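A closer look at the structure
This is what each chain is made of:
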Protein chains: 2
Amino acid sequence: MCGSFRRTSRALTQLYEQALRPLGLRATQLTILQMLSLAGEVSQGQLGEMLTMDSTSLTRTLAIMGRRGWITARRGKDRRERRLRLASAGVTQLRSTLPVWEKVQSRLRRQLGAQAWKNLLQLTHQVTRVVKTEGGSL
Amino acid sequence: MCGSFRRTSRALTQLYEQALRPLGLRATQLTILQMLSLAGEVSQGQLGEMLTMDSTSLTRTLAIMGRRGWITARRGKDRRERRLRLASAGVTQLRSTLPVWEKVQSRLRRQLGAQAWKNLLQLTHQVTRVVKTEGGSL
DNA sequence: CCACAATACATGTATATGCATCCATATCGA
DNA sequence: TCGATATGGATGCATATACATGTATTGTGG
């Protein structure tokens, strides 16, 4: 199952990134822009939790995105935290990226069919949930 | 969809690799061992095709696995090709790894249910196939 | 046979990602 | 309040992964 997911991830990532390449961002970066757009200001740890990603792995990607001016970070009341927000350049980048993303997504959905699409989203979320909640004892 | 798959891949990879860590191999490496075990001798390009992985990405992983003595490579009749096989240490490694892998896998399958499991395998393969065959026009 | 296009990898470069470990800060118990 | 512990990130290190480009080899039309 792990191998199947990893293989499909590679295929999907290539598909999406091929479309995103002219815009100069990677799949992970788009996901982060979308997440911050939805969530507003969050800590690095919270973002990691939302993405099921090691929060220290985010340090590097966030640094790249910070250099490009897409996000800003500031210390929170708890001064260990980095609280992250979209910067205006990030909003702009996201806005110009969404149509491209949407186009790939809708074509793929058409190929797969609405039912398979829906099942996939539901099942992937279920797997993530199960692994996260039962991971220790699995 | 890409984000969902990537997130679930991260979760699954952590789950499987947590179990595999004492054995000193990564998820990708196990997949390659399994593939070579099933396929016998194949070229690097064929292996990349089977895994939906850029064949030049395999160069590094295969080098690591070669250093550990798990695989061997030789030139084919076409001397540009590297034809890959499991070495005996690779067979041994695979044999000692399979029970651990099986254990994680079966527990996860129990948590998800047989039907969801089956649907997932079928759907992920479908997505991979669609992306690979229609990728250019998507 | 030969110049040229195509193929199979190798290598350079960049990002993604996780874990172990370290530092700063916060929290909590005595 | 002070010392022990816990928490949030930063950093070092290793692997995963893709693409662009370079190199060796093969295939091909003339």
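See the structure printed just above.
Bear in mind the structure is a predicted one, so any value in this text is a computation, not a measurement.

Moving on, we get to the nonpolar core. Core analysis: the biggest nonpolar cluster contains 76 residues, and A:Tyr16, A:Leu47, B:Tyr16 and B:Leu47 have the highest contact counts within it. Setting aside residues no more than four positions away along its own chain, B:Leu47 makes contact with B:Ile32, B:Met35, B:Leu36, B:Val42, B:Leu58, B:Leu62 and B:Leu84.

Turning our eyes to something else, we now look at the interface of chain A and chain B. On the chain B side, the residues contacting the 49 residues of chain A number 49 residues. Summed over both partners, the interface of chain A with chain B comes to about 4,700 Å²; 66% of that surface belongs to carbon and sulfur atoms. At the junction of chain A with chain B, the criterion picks out zero salt bridges. Counting every contact that joins chain A to chain B gives 19 residue pairs in polar contact (both at pLDDT 80 or more). At the level of elements, α1 (2-20), α2 (27-39), α3 (44-51), α5 (88-112) and α6 (114-134) of chain A are the ones that each hand at least two residues to the side of chain A that touches chain B. Ranked by the residues each element gives to the side of chain A that touches chain B, the list is headed by α1(A), at 16 residues. Looking at the side of chain A that touches chain B residue by residue, the class counts come to 24 nonpolar, 20 polar and five charged.

The end-to-end C-alpha distance of helix α5 (residues 88-112) of chain B is 35 Å, a good match for the 36 Å that 25 residues give at a rise of 1.5 Å each. Maximum bend of α5(B): about 35°, positioned at B:Thr97, with proline B:Pro99 one to four residues after it. Every buried residue of α5(B) is listed here: B:Gly90, B:Gln93, B:Leu94, B:Thr97, B:Trp101, B:Val104, B:Gln105, B:Leu108 and B:Leu112. Against α6 of chain A together with α1 (2-20), α2 (27-39), β3 (82-86) and α6 (114-134) of chain B lie the buried residues of α5(B).

Quick notes on the rules
Residues numbered from 1 in each chain as written. Chains lettered and ligands numbered in written order. Predicted model: local features only at pLDDT ≥ 70, side-chain atom pairs only at ≥ 80, totals over all residues. Heavy atoms only, no water. Core = buried A, V, L, I, M, F, W, Y, C linked by side-chain atoms within 4.5 Å. Buried < 20%, exposed > 50% of the residue type's maximum accessible area, 1.4 Å probe, protein only. Contact = heavy atoms within 4.5 Å. Buried area = accessible area lost by both parts, 1.4 Å probe. Salt bridge = Lys/Arg side-chain N within 4 Å of Asp/Glu carboxyl O. Polar contact = N/O pair within 3.5 Å; in protein donor to acceptor, adjacent residues only side chain to side chain. Helix = DSSP H or I, 4+ residues; strand = E, 2+ residues; numbered from the N terminus. Nonpolar A, V, L, I, M, F, W, Y, C, P; charged D, E, K, R; others polar. Expected span 1.5 Å × (residues − 1). Bend = angle between axes of the 7 residues up to and from the residue.

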